[in-house]
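Per-entry structural report
The primary structure of each chain is shown beneath.
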Amino acid sequence: MGQDKYQAMGDGIYAQVGGPQNVAKLIHCMTRVRMTIKDEAKVNVAGLKKVPGVLGVVQEETLQVIVGPGTVNKVAQAMVAKVGVGLGDPFPGSASVGNDHQDNKSAVEAKAAEVHAAHKAALKQTWWRAALKHISAIFIPLIPAFVGAGLISGVAGILVNMMAAGDLPKSWTEFITVLKVINGGLFTFLNIYVGINAATEFGATAGLGGIVGGLIYLPGVVAPVTITNIFTHQPLAAGQGGIIGVIFAVWLLSLVEKQLHRFIPDAIDIIFTPMLSLLSIGVLTIFLIMPFAGWLSTSLVGSINWILQVGGPFSGFVLGLAFLPMVMLGLHQILTPIHLEMIKNLGFTALLPILAMAGGGQVGAALALWIKCRKNKQLTRLIKGALPVGILGVGEPLIYGVSLPLGRPFITACVGGGIGGAVIGLFGNVGAITIGPSGAALIPLIANHQWLGYVFGLLASYVGGFIATYFFGVPKSAMVATTADGTVIETATPQPEPVNQPTATPVTTQSGTTEFVAPATGQLETLSAVEDDVFSQKMVGDGFAVEPTSGTIVAPVSGTIVSVMPSKHAWTMTTATGLEILVHMGLDTVELNGAPFTFSVKDQDTVTAGQPIATMDLAAVQAAGKKTTVMTIITNMDHVASLTDFTPRTTTAGDDVLTVTSK
């Protein structure tokens, strides 16, 4: 039954992205299903967000659907199993079709061309953005391995300490050794795994990439035999250059291999291409790449340690503050090989605990929003779903579902991260023995018994993010009362006092008729056709809808403007006969914070039917993944005696639509 749930979620995602036939490749990370999409126009982002279990959607080089840790691997596996491919493999129809002799070479070239086209069609591409994307793709498949091996190493460390303290007998030694062997299965041979993944990412043969990664260990070089470093004239050290050298060497391997495939005849390609690729890149790696990359990695690690030691709390504050903006720009991917080099050289990375404080700031900001925006049921529902995983260090749901769409809370959350980073910097020497987890999940992986310093930093980031957000980071639009699906709960019933508004017509429940006109040019529809249950099931009231083709929005009736919502996506008004009217521009557009809307009236203005009231930037609303439907709704239906029927049709703003008779 559980598997059916994940399959249903995967089917729901496919339904909103144009089906499996619109997907070229699918992978996942700790929280997101990442899809390379062929035709972005077929993706319904608003529909994706409504799929049960989906916490958020991010559109970058790939379409990223956030479903949370633990769930993501099951959903991704169900999705690729439905198509009959593996994770990261091209979907059927994603590569060029040729004769039966088209092998991996043509498939890789086709996939590379497709990904390149998708990149050019997405955000503005730069060489460094492409490089960071490759680094991300290399390490994402290894994150579960980092987490698993790191936790095993942490358990081994705890047992060693207990045995040293006399709390465990010496008989535990062999079991501890077994745990260390398991952990060593990753970190001892990490260069090989990175080489294989890098080859897959760059379009080279995976096995050749693994061999190039293995060269860094200098297999077969046993004392007294040495290989001379041509720059220092000292013996070359096994492992010198590490991850940075492997990635660069495999990238060069991919260039050489592709060129050889192009020029070597097919009959002998399988023999000479691997040999010549390995020979040329192997020699280059040993004599040039290893010495240079070794110097670079040592310099990077030394520089970061110097910054942390000299800068202390100030460095911690800057790093904790800047990490979330780095994530938004994709720059954080470059830190992964740096973390790994620090772990290789020092046994831990002092950078990760500081950067993890950014997630703590998000948690504090979310708690502040929960308290101050408790009437906003949609926002609090998102916070309830994202907060538990946020505490465990998975920040994407909080970032993309809560703080970033609201704007200011994202900034105040960064401040909270900076405060936590300053506390970590004040303690000093707080490091993690592996990468992958953050938040509370990182506590067991803190090296050298410094976990208490990390906990104090985490608590400081919570408190800092909470205070900064509570007092400075809550936009008024977030405090508007809404239902769980984002529909604004309007407050049209309180009427202006006659003494303060002598010119306004008192709201009375008198009999009479009111003529309604179309508020926009477009396709006139019944409310039941609106793609939102609250409106289509007439939970708010009855009326009609227009799918606009023009952004000019006019008054549907003559009357008085009662309230223009702070988010500008809706307004309320009353008529002389006592009807209370809600005009709602777009679906879920409260999340846009008023950006696509401009009003030419204000509260308590008297308007006539057909008078221009507002403009809506239809392209901006659609670009945000929202529907542009304009709804006109009578919210006090208990005062309505009858409504005339109307037929769905093309209409022009100001055209008569229906007549309403009041009781």
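Residues numbered from 1 in each chain as written. Predicted model: local features only at pLDDT ≥ 70, side-chain atom pairs only at ≥ 80, totals over all residues. Heavy atoms only, no water.

Put simply, the rule reads: UniProt positions are given in the numbering used here, feature names are shortened, and annotations may be inferred rather than shown by experiment.
An unreviewed UniProt entry annotates the protein as PTS system sucrose-specific EIIBCA component originating from Lacticaseibacillus rhamnosus. One UniProt comment on the protein, placed under Catalytic activity (unreviewed entry), says "N(pros)-phospho-L-histidyl-[protein](out) + sucrose = sucrose 6(G)-phosphate(in) + L-histidyl-[protein]". For the protein, the Function (unreviewed entry) comment in UniProt is given as "The phosphoenolpyruvate-dependent sugar phosphotransferase system (sugar PTS), a major carbohydrate active transport system, catalyzes the phosphorylation of incoming sugar substrates concomitantly with their translocation across the cell membrane. This system is involved in sucrose transport."

**A word on the overall build of the protein**
Worth spelling out the cut-off: Helix and strand assignments come from DSSP, with helices taken as H or I runs of at least 4 residues and strands as E runs of at least 2, each series counted from the N terminus. Any two residues whose heavy atoms approach within 4.5 Å at even a single point are treated as in contact. With residues, only the protein chains shown are counted as cover, and all accessible areas are computed by Shrake-Rupley using a 1.4 Å probe.
For the protein, the helix and strand inventory stands at 20 helices and 18 strands. Look at the contacts in the protein between residues 6 or more apart in sequence, and 71% of them connect residues 24 or more apart. For the protein, the computed accessible surface area is about 29,600 Å², with 64% contributed by carbon and sulfur atoms.

**So, the packing of helix 6 (residues 143–164) against helix 7 (residues 173–187)**
In plain terms, the rule: For every element, the axis is a line fit to its C-alpha atoms; helices are fit only across the contacting stretch, and the angle between N-to-C directions ranges from 0 to 180 degrees. Roughly parallel refers to an angle under 35 degrees, roughly antiparallel to one over 145, roughly perpendicular to one between 65 and 115, and oblique to any angle outside these ranges. Note on convention: the crossing is left-handed when the near helix lies turned anticlockwise from the far helix by less than a right angle, right-handed when the turn is clockwise. Any residue that is not Ala, Val, Leu, Ile, Met, Phe, Trp, Tyr, Cys, Pro, Asp, Glu, Lys or Arg is counted as polar, Gly included; the first ten are nonpolar and the last four charged.
Taken N-terminus to C-terminus, the directions of helix 6 and helix 7 make an angle of 155°; their axes are 9 Å apart at the nearest point. On the basis of the axis angle, helix 6 is roughly antiparallel to helix 7. The hand of the helix 6/helix 7 crossing is left-handed. Between helix 6 and helix 7, the contacting residues are A145, F146, A149, G150, I152, S153, V155, A156, L159, V160 and M163 on the first element and T173, F175, I176, L179, K180, I182, N183, L186 and F187 on the second. By residue class, the composition of the contact of helix 6 with helix 7 is 15 nonpolar, four polar and one charged.

**What to know about a nonpolar patch on the surface**
Convention followed: Two joining distances apply to patches: 9 Å for like charges and 5 Å for nonpolar side chains (Val, Leu, Ile, Met, Phe, Trp, Tyr), and every residue must have over 30% relative accessible area and no salt bridge. Within this document, salt bridges are pairs made up of a side-chain nitrogen of Lys or Arg and a carboxyl oxygen of Asp or Glu, the two lying within 4 Å of each other. Between buried and exposed lies partly exposed: a residue is buried under 20% and exposed over 50% of the maximum accessible area for its type, with that area taken using a 1.4 Å probe on protein chains only.
A grouping of I230, F231, L279, V283, F287 and L288 is seen on the molecular surface, where their side chains present a nonpolar patch of about 550 Å² in accessible area. Given the relative accessible area of 44%, V283 is considered partly exposed.

**Focus on helix 13 (residues 335–346)**
Here is the rule we go by: Working rule for helices: expected span equals 1.5 Å times residues minus one.
The end-to-end C-alpha separation of helix 13 is 16 Å, in line with the 16 Å expected for twelve residues at 1.5 Å each. Among the twelve residues of helix 13, nine are classified as buried, and the element is accordingly described as predominantly covered. For helix 13, the set of buried residues is L335, T336, P337, I338, H339, L340, E341, M342 and I343.

**Notes on the packing of helix 14 (residues 351–372) against helix 18 (residues 451–472)**
Look at helix 14 against helix 18: their axes get within 7 Å of each other, and the N-to-C directions meet at 40°. Looking at the two axes, helix 14 sits oblique to helix 18. Crossing of helix 14 against helix 18: the hand is right-handed. For the contact of helix 14 with helix 18, the per-class residue count stands at 14 nonpolar, seven polar and one charged.

**Considerations on the sheet that holds strand 4 (residues 63–66)**
Note on sheets: strands pair through backbone hydrogen bonds, and any given pair is parallel or antiparallel. The cut-off we apply is this: Whether two strands pair depends on DSSP finding at least two bridges between them.
The strand order across the open sheet built from four strands is 1-2-4-3, with neighbouring strands paired in antiparallel fashion. Only two strands of the sheet have a single partner each, and these edge strands are strand 1 (23–28) and strand 3 (56–59). Recorded for the sheet is a direction-independent mean angle of 20° between the axes of neighbouring strands. In this structure, strand 3 lies alongside strand 4, joined through four bridges in antiparallel fashion. The residue of strand 4 that forms the bridge with G56 is I66.

**Observations regarding the environment of A293**
Here A293 is to be found in helix 11 (residues 266–311). Measuring from C-alpha to C-alpha, the distance between A293 and A249 comes to 9.9 Å, with 44 residues separating the pair along the chain. If we skip the residues at most four places from it in the chain, A293 touches G241, I244 and G245.

**Notes on the pairing of strand 10 (residues 570–574)**
Strand 10 sits mainly inside the fold: five of its five residues count as buried. In textbook terms, the turn of a hairpin is the stretch between consecutive antiparallel strands, and for strand 9 (residues 559–564) and strand 10 this stretch comprises five residues, one of which, K568, has a positive phi near 65°. As paired elements, strand 10 and strand 11 (residues 580–585) share five bridges and run antiparallel to each other. Residue T574 lies in a different strand from strand 11, and its bridge partner there is E580. Taken together, strand 10 and the strand that follows it, strand 11, pair antiparallel across an intervening segment of five residues, in which G578 is found at a positive phi of about 90°.

**Re the packing of aromatic side chains**
Think of a pair of aromatic rings as described by two things: how far the centres are apart, and how the planes are tilted against each other in angle. Rules: Side-chain rings of Phe, Tyr and Trp (the six-membered ring for Trp) are treated as a pair once their centres are within 6.5 Å; stacked means planes under 30 degrees apart, edge-to-face means over 60, and tilted covers the remaining angles. A positively charged side chain is recorded as over a ring if its NZ (Lys) or CZ (Arg) lies within 6 Å of the ring centre. The angle to the ring normal must also be within 35 degrees.
Following the criterion strictly, the structure yields ten aromatic pairs and no others. With a centroid separation of 6.0 Å and an interplanar angle of 10°, the aromatic rings of F427 and F456 are classed as stacked. Here F456 lies in helix 18 and F427 lies in helix 17 (residues 408–427), a separation of 29 residues in the sequence. Exposure remark for F427: the relative accessible area of 42% places this residue in the partly exposed category. By relative accessible area, F456 is classed as partly exposed at 42%. An aromatic cluster is defined as three or more aromatic residues linked by ring pairs; in this entry it consists of F466, Y470 and F471. Against the face of Y470 rests K372, its NZ or CZ located 4.9 Å from the ring centre.

**Focus on the sheet that holds strand 16 (residues 640–643)**
Spatial ordering of the open sheet is given by 5-18-16, a layout of three strands whose pairing is antiparallel. Each having just a single partner strand, strand 5 (512–517) and strand 16 make up the two edges of the open sheet. Going from strand to strand, the sheet's axes swing by 25° on average, the running direction of each strand aside. As defined by bridge partners, strand 16 adjoins strand 18 (residues 656–662) across three bridges and the pair is classed as antiparallel. Bridging from a neighbouring strand, L643 pairs with V660 of strand 18.

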